[in-house]
Amino acid sequence: DINDDQISGTVNTYINNFGHQKSLVEEFTSTACSACPYGHGVMEAIGRLRDDVIFVGVHCNIPDESSFMTDKSLEIFNNLLIQKRAPAACFNRYYVDDPSLNQYSEIAFDMGFDQALWDAYAQIFSTVIDMSNDMPAFATVDIATNYDNATRKLDVTVSGKVSPEDLATYVQDAALTVYLTEDNIVAPQNNGGTMVNDYVHNHVLRDVLTETLGSPLVITDGDKYSMTYSTTLDESWNADNMNVVAFISRQVLAESYAWDVYVNQANQVKVGGTVGINNAVVSDANVKEVARYSLDGRQLSRPEKGINIIKMSDGSTRKVIVKQ
């Protein structure tokens, strides 16, 4: 007789939600690091799997100072990693409570895998990205840039629409961070103990236009925000190879927990370009399942006992427990 049986659980409810525009991968690396090209290989394999990912190379001082390291990149490295190491990476700054994958119990995962494992780990970390998007986005990130070739002055406006009630509930202390990155930089790199002088570096973090760990998101007119930044590009940077990356996350504070600084929305545009999705509220009635995965990244043809990761037609993912 099951008439008196009860089941309980926690259900999150949302007033509005927005489609995830992009996901953020911050890779911690160094030109002095002999194992870091292995991490670059995993990043490239992830890029072959999916086109919704923004990569940022945050250069650090492991085992020695990188030629692309700055005070800002080192500040990010020191605040996001407990165990200082490279290569490592954060995926939407999402915390996974699985010691087989996350041995240091923090938001950065080791990336120093042999080439034969790159594709396999790309699949695993692609699943981590899907898991990180299990919660809907509660804001859009629109980026408009204006670049003057003569003066090298760059103006960046990041704006969007928010769901203020959901943002206040699920992304308290919401912060906006704006990165400048550069691709196709030919410079030396320690590769397995050999210094390669013509190594091609991509996604290199050049500057942070907001506060390094994010500036508080200022909401106006109830459900909007708009913030503008100006800078002059260094003469050594190639503007044609540069991108503006903007993302909304929990603010990184001295008292923040490792699992509490996740990225809720992100976007990227080439310097001189504009990108964004305005008012992209998605109705659950129109959202359908498009793919299903096991926790280890295998695509499933039907529900399978255990945790299933479901990718939806709006780009979001849902994590469900199948009992039988």
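Q: What am I meant to see in unusual backbone geometry here?
A: Generally, phi is negative for residues other than glycine and the peptide bonds are trans, each holding for most cases. The omega torsion of the bond from I62 to P63 falls at -5°, within 30 degrees of zero and hence cis. Secondary-structure assignment places P63 in the loop between β2 (53-59) and α2 (71-80). The step from A86 to P87 runs through a cis peptide bond, and the omega angle for that step is 0°. Along the chain, P87 falls in the loop between α2 and β3 (88-91). A positive phi is found at N92, a non-glycine position, where the angle reads about 55°. With respect to the helices and strands, N92 occurs in the loop between β3 and β4 (108-110). Here S105, not a glycine, exhibits a phi torsion of approximately 55°, which is positive. Counting through the fold element by element, S105 comes out in the loop between β3 and β4. On the basis of relative accessibility, which here comes to 40%, the residue S105 falls in the partly exposed class.

Q: Looking at this model, I keep getting lost on the confidence of the model for the chain. Mind explaining?
A: As a note on interpretation, predicted positions should not be read in detail where pLDDT is low. For the chain, the average pLDDT comes to 89, and 87% of its residues sit at 70 or higher. Low pLDDT, under 50, characterises residues 277-285; the stretch is placed with 17 contacts to residues that sit more than four places away or in other chains.

Q: I would appreciate a short explanation of the layout of surface pockets in the present structure.
A: Rolled over the atoms, a probe with the dimensions of a water molecule shows which regions are left empty. When its volume is computed, the second largest pocket comes out at roughly 350 Å³. What lines the second largest pocket is a set of 20 residues, and nearest its centre among them are H40, G41, E44, Y199 and V200. Counting only elements with at least two residues in the lining of the second largest pocket, the list comes to β1 (23-29), α1 (36-49), β2 and β9 (194-201). It is α1 that provides the largest number of residues to the lining of the second largest pocket, a total of seven residues. Looking at the lining of the second largest pocket, its residues break down into eight nonpolar, ten polar and two charged.

Quick notes on the rules
- Numbering of residues starts from 1 in every chain and runs along the sequence as written.
- Local features in this predicted model are restricted to residues of pLDDT 70 or higher, and side-chain atom pairs are both shown and tallied only at a pLDDT of 80 or more, whereas totals for entire chains, interfaces and linings draw on every residue.
- Calculation of side-chain values draws on the structure's entire complement of heavy atoms; hydrogens and water are dropped beforehand.
- Secondary structure counts use DSSP, requiring at least four H or I residues in a row for a helix and at least two E residues in a row for a strand, with both numbered from the N terminus.
- Buried residues are those whose accessible area, probed at 1.4 Å on protein chains only, stays under 20% of the maximum for their type, while exposed residues exceed 50% and partly exposed ones sit between those limits.
- By definition, pLDDT measures how confident the predictor is in each residue, and it falls between 0 and 100.
- Any pair of residues with heavy atoms lying within 4.5 Å of one another is described as a contacting pair.
- Of the grid points, spaced at 1 Å and generated over the protein atoms alone, those admitting a 1.4 Å probe that cannot get out make up cavities, while open sets with protein on both sides within 12 Å along at least five of seven lines make up pockets; any residue with an atom within 4 Å of a point is treated as lining.
- Grid points are joined across faces, edges and corners, and a volume is the space filled by probe spheres set on the points.
- Asp, Glu, Lys and Arg are counted as charged, while Ala, Val, Leu, Ile, Met, Phe, Trp, Tyr, Cys and Pro are counted as nonpolar; the rest, among them Gly, fall into the polar class.

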